[in-house]
Structure formats: structure tokens, C-alpha cells
Amino acid sequence: MLVVNNFKDYEIISMSEGEKLEKWGSYYLLRPDPEIIWKDKLDKSLAHAHYHRSNKGGGYWQTYKKLPDRWTVNYNNLTFNVKLMGFKHTGIFPEQSINWDFMIKKIKESKRDIKVLNLFAYTGCATVACLSAGASVVHVDSSRGMVDWAKENVKSSNLEDKPVRFLVDDVVKFVKREIRRGNKYDAIIMDPPSYGRGSNNEVWDIEKDLYNLVELCTEILSDDPLFFIINSYTANLSGIVMENILKLTVGSIYTGKIYYEELGIKSKNGLVLPCGVCARYEK
């Protein structure tokens, strides 16, 4: 397992009975997490806001103390905007800082121009990381709101003059167009949801569609790809499944290392919270 231990502006203070108390910069948030099935001490009085799940699906934020509409947190030289969103989210998945470090290191060590494609790119934290390392990035997400947020993150990190292209588009349709256009990428990142809809209501189902998308992506990889990363938060999609997909697609064409890793965050009291899985190809 790869564990986050150097995100100074983010910390899990404690976890108990399905909830975690987190510190985001100067503010404390209490959010649910189904992985936390143990009992421990949890001081809810520290929380500025608490996300309550509804038995009917979804939920709502309850605010206890004054909280700005948005604020920023820093990870090394990167700056990200935090907001309270529907379904408990904040716009950042801190465990992905493990992948940001990996991407930055690979890009810098390559000593060449690297073109990155970020699919299901969300609020663009990976985009910011790759830009900071000197890569050019094409950022694709079907939500205009998320793409606008990604632009804010790029600007907050003072990287708006770097080579980045933002697209509100269905990921599968975009990749198919890139194949026809003959465009190539040295690195691909994807963070697919379990289920979703494209910009024109195209339906995405990770179990049915992931293999086909990764296979399509092999047609837009350059002759010397640097890395390919797939992230998953879907409990019934194991790391071995994603590793197998990469082996049967990317690994059938390119020589490199293919493996999966579970990602986690260590809390203040030393417990580690599992936060999903990533599979990687790297040269």
C-alpha cells in the first residue's frame, strides 16, 4: 500500500463508526466513509461542517461554524481550491498526491517534452501536477463546472501560462476523434467513475466500458510512452482487474512495468484509511 504522509495542509484527525474528521487547511470537516467500520474517539465538536448521508440517497452539509464558500490548500508548490460539494466531496482526493508525486518525478526525469492526456479529469489536480513538472496537458471532462474548477486550480498554482487545453466532452468520443486525427500522447491518466453520463447523456459503466476505453487509448499512445495510470474507487473492481486490463492492452504493445497499488492515508493516531486503487504502466 502507498500511504500519504506529507500533505501538510490535509490531515485525518480521527475516524470512527463510518465518519472521519479531517483538517483542510484551517478548517475541519466531518465526512462519512463506508470503510470506517471500527470504533474510536471522534471529537465532532471541532467540525466546521458535517456531511449527513440520507437514507434515500445523497445527503446534505450542515455548517456549525463560519466557513468560506471556498478556500485553498497547498501541496508542496501546488495550490488547490476547496469547496463543499454534493455527495460529500470537496474537489480534492488527497490520496492522489501519491500519484501526483509519481507523475512529476517521471516527467522531470524523462528529460524530454511530454504530452499528457487527462481523462475524467475532474477538478484537474493531476493536470496541475503535470503542468508544474513541465508537461503539456489535454484535460477532458464531461462537466463544464468541473472544467471551470480545474481552470481555477491551474490559475491558483500560477500555471495559467503553461500549455494546457481544456475540453468539455465525452471521454470515449474524444479518444475516438483523436485516433482519427492521429494525435499521440506520451502519458495517459484516467479517473473513471463507476457510472456517469457524457456531455450529451452518453452512459458510462466502468465494468462494461473500461476495457474498451483503455484498448482505444493504446491507439493514441506515442511510440515511447512514459506512463499510463487508471484510478478506481469502485469496491468491486480490484487492482488485479485493472492490472490485467493494462497487461492485455498497453502491455501487449509496449515493454514496461505494470502493477497495481492500494492507496491510503495515515491518520493522526496512526491508523491507515484505504482510499481506492490505482494501476500503472511505467517505462
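Residues numbered from 1 in each chain as written. Predicted model: local features only at pLDDT ≥ 70, side-chain atom pairs only at ≥ 80, totals over all residues. Heavy atoms only, no water.

### Some points on the overall build of the protein
Point 1. A tally of regular secondary structure across the protein gives 6 helices and 17 strands.
Point 2. Whereas a compact globule of 283 residues would reach a radius of gyration of roughly 19 Å, the protein reaches 19 Å, a difference of no more than 12%.
Point 3. C-alpha extents for the protein along the principal axes are approximately 55 × 40 × 40 Å.
Point 4. Counting all 283 residues of the protein, 54% fall into the buried class.
Point 5. In the protein, 60% of the contacts between residues at least 6 apart in sequence involve partners at least 24 apart.
Point 6. Here the protein displays about 13300 Å² of accessible surface, and carbon together with sulfur accounts for 47% of that area. (Helix = DSSP H or I, 4+ residues; strand = E, 2+ residues; numbered from the N terminus. Rg over C-alpha atoms; globule rule 2.2 N^0.38 Å. Buried < 20%, exposed > 50% of the residue type's maximum accessible area, 1.4 Å probe, protein only. Contact = heavy atoms within 4.5 Å. Areas by Shrake-Rupley, 256 points an atom, 1.4 Å probe, with all protein chains shown as cover.)

### Notes on the side chain of Asp141
Point 1. As for its placement among the helices and strands, Asp141 is situated in strand β10 (residues 136–141).
Point 2. Buried within the structure, Asp141 lacks any salt-bridge partner; Arg144 is the closest side chain of opposite charge, at an N-O distance of 10 Å.
Point 3. Once residues within four sequence positions are removed from consideration, Asp141 is found in contact with Phe120, Ala121, Tyr122, Met146, Val147, Leu167, Val168 and Asp169. (Lys, Arg positive; Asp, Glu negative; His and termini not counted. Salt bridge = Lys/Arg side-chain N within 4 Å of Asp/Glu carboxyl O.)

### Things to note about the pairing of strand β16 (residues 257–266)
Point 1. Relative to β16, strand β1 (residues 2–4) runs parallel, the two being bridged by 3 bridges. When the bridges of β16 are listed, Val3 appears paired with Gly264.
Point 2. Bridge count between β16 and strand β17 (residues 272–282): 9 bridges; the pairing is antiparallel. Residue Lys257 lies in a different strand from β17, and its bridge partner there is Glu282.
Point 3. Between the end of β16 and the start of β17, which pair antiparallel, lie 5 residues, with Gly270 showing a positive phi angle near 95°. (Pairing = 2+ DSSP bridges.)

### So, the packing of aromatic side chains
Point 1. Enumeration according to the criterion identifies 12 aromatic pairs in this entry.
Point 2. Following the ring pairs from residue to residue traces out a cluster consisting of Phe7, Tyr10, Trp24, Tyr75, Phe80 and Trp100.
Point 3. Note that Lys83 overlies the ring of Trp149, its terminal NZ or CZ placed 4.4 Å from the centroid.
Point 4. Over the aromatic face of Tyr259 sits the side chain of Lys257, whose NZ or CZ is 4.8 Å from the ring centroid. (Phe/Tyr/Trp six-rings, centres within 6.5 Å; stacked < 30°, edge-to-face > 60°. Lys NZ or Arg CZ within 6 Å of the ring centre and 35° of its normal.)

### A closer look at the pairing of strand β11 (residues 164–168)
Consecutive residues of a regular strand have side chains that alternate between opposite faces of the sheet.
Point 1. Pairing geometry for β10 and β11, over 5 bridges, is parallel. Within β11, the position partnered with Asp141 by the bridge is Val168.
Point 2. At this point the chain moves from β10, through helix α3 (residues 144–156), to the parallel β11, and the crossover so formed is right-handed. (Right-handed = clockwise from strand over helix to strand, strands pointing away.)

### Examining helix α1 (residues 97–110)
Point 1. With 14 residues, α1 extends 20 Å from end C-alpha to end C-alpha; this agrees with the ideal 20 Å at 1.5 Å per step.
Point 2. The element α1 is extensively covered by neighbouring structure, given that 10 of its 14 residues are classed as buried.
Point 3. Buried within α1 we find Ser97, Ile98, Asn99, Trp100, Phe102, Met103, Ile104, Lys106, Ile107 and Ser110.
Point 4. Residue Lys111 follows α1 closely and has a positive phi angle near 60°. (Expected span 1.5 Å × (residues − 1).)

### So, the pattern of salt bridges
Point 1. Per the counting criterion, the structure on display carries 14 salt bridges.
Point 2. Between Glu19 and Lys44 there is a salt bridge, with its nearest N and O atoms 3.0 Å apart. With a gap of 25 residues between them, Glu19 in strand β3 (residues 19–24) and Lys44 in the loop between β4 (27–32) and β5 (49–53) connect regions that are remote in the sequence.
Point 3. Assessed through its relative accessible area of 43%, Lys44 is described here as partly exposed.

### Comments concerning the nonpolar core
Point 1. Phe80, Trp100, Ile107, Val116 and Phe227 are the most contacted members of the largest nonpolar core, which has 49 residues in total.
Point 2. For Phe80, the contacting residues outside a window of four places in its chain are Trp71, Thr72, Val73, Tyr75, Ile92, Trp100, Cys125, Val128 and Asn153.
Point 3. Counting residues in each nonpolar core, the second largest holds 33 residues, with Leu167, Phe174, Leu221 and Val250 among its members. (Core = buried A, V, L, I, M, F, W, Y, C linked by side-chain atoms within 4.5 Å.)

### Brief notes about the sheet that holds β3
Point 1. Strand order in the open sheet formed by 5 strands is β2-β3-β4-β5-β6, and the pairing between neighbours is mixed. Every interior strand has two partners, whereas the edge strands, β2 (10–16) and β6 (59–63), have only one. Pairs of neighbouring strands in the sheet enclose a mean axial angle of 20°, with direction left out of account.
Point 2. In terms of strand pairing, β3 meets β4 through 6 bridges, oriented antiparallel. Considered in β4, the bridge of Lys20 is made with Arg31. (Axes fitted to C-alpha atoms, helices over the stretch in contact; angles between N-to-C directions.)

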